[in-house]
Amino acid sequence: PKVIQATMGSIARINMYYTDLPELIKTGDFISYGAVLGGETMYAKKLNDKALIVIGNESKGISAELQELLTHKISIPGGKKTESLNAGIAAAIICAEFRRK
């Protein structure tokens with residue numbers, strides 16, 4: 001409910017699919033990127049347009065099961081005083097970088 005409310009009605013403008021995420025990553029015809037602490041900086045990678053981006057929640061991140069399946073583990077480099085970003089902000093920054101390429 002919180003996620004739906006946070007979209008401010010934009011949820012009605014996108015296609016949504018429900019599927020088993022591990023199975024999709026295993027069988028999909030795309031590169032999978034996961035935002036994880038300690039991943040390679042996303043600015044150092046050539047980001048593929050045909051990709052799936054996995055974002056975990058703020059407290060637990062991406063499960064170990066899913067991390068094992070990811071093609072690339074990426075991160076957003078932080079400043080010396082930056083502790084962390086919430087999942088929505090992290091997703092926005094990563095998506096913007098994919099669009100820029």
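Analysis parameters
Residues numbered from 1 in each chain as written. Predicted model: local features only at pLDDT ≥ 70, side-chain atom pairs only at ≥ 80, totals over all residues. Heavy atoms only, no water. pLDDT = per-residue confidence, 0-100. Helix = DSSP H or I, 4+ residues; strand = E, 2+ residues; numbered from the N terminus. Pairing = 2+ DSSP bridges. Axes fitted to C-alpha atoms, helices over the stretch in contact; angles between N-to-C directions. Contact = heavy atoms within 4.5 Å. Patch = residues over 30% accessible without salt bridge, like charges linked within 9 Å, V, L, I, M, F, W, Y side chains within 5 Å. Areas by Shrake-Rupley, 256 points an atom, 1.4 Å probe, with all protein chains shown as cover. Salt bridge = Lys/Arg side-chain N within 4 Å of Asp/Glu carboxyl O. Lys, Arg positive; Asp, Glu negative; His and termini not counted. Charge placed at Lys NZ, Arg CZ, Asp CG, Glu CD. Buried < 20%, exposed > 50% of the residue type's maximum accessible area, 1.4 Å probe, protein only.

## Digging into the confidence of the model for the chain
Note: predicted coordinates in regions of low pLDDT should not be interpreted at a detailed level.
Reasoning step 1: For the chain, per-residue confidence averages 88 on the pLDDT scale, and residues scoring 70 or more make up 97% of the total.
Reasoning step 2: Looking at the elements of the chain, mean pLDDT is at its lowest for helix 1 (residues 2–6), recorded as 84, and at its highest for helix 3 (residues 64–69), recorded as 96.

## Structural notes on the sheet that holds strand 3 (residues 72–75)
Paired through their backbone hydrogen bonds, the strands of a sheet run either parallel or antiparallel.
Reasoning step 1: Strand order in the open sheet made by the three strands is 2-1-3, with parallel pairing throughout. The open sheet has two free edges, formed respectively by strand 2 (51–54) and strand 3, since each of these has just one partner strand. Averaged over neighbouring strand pairs, the angle between their axes works out to 45° when direction is ignored.
Reasoning step 2: Pairing analysis gives five bridges linking strand 1 (residues 31–41) to strand 3, with the strands arranged parallel. Along strand 3, the bridge assignment pairs Gly34 with Lys73.
Reasoning step 3: Strands strand 1, strand 2 and strand 3 of the sheet are contacted by helix 4 (residues 87–100), whose axis makes an angle of about 160° with strand 2.

## A word on a negative patch on the surface
Reasoning step 1: A cluster of acidic side chains, namely Asp20, Glu23, Glu65 and Glu68, defines a negative patch on the protein surface.
Reasoning step 2: Mapped onto the fold, Glu23 is located in helix 2 (residues 21–27).

## What about the pairing of strand 2?
Reasoning step 1: The alternating pattern of strand 2 places Leu52 and Val54 on a buried face and Ala51 and Ile53 on a face that is not buried.
Reasoning step 2: Taken together, the four bridges between strand 1 and strand 2 define a ladder with parallel strand orientation. The residue bridging Tyr33 from the neighbouring strand is Ile53, located in strand 2.

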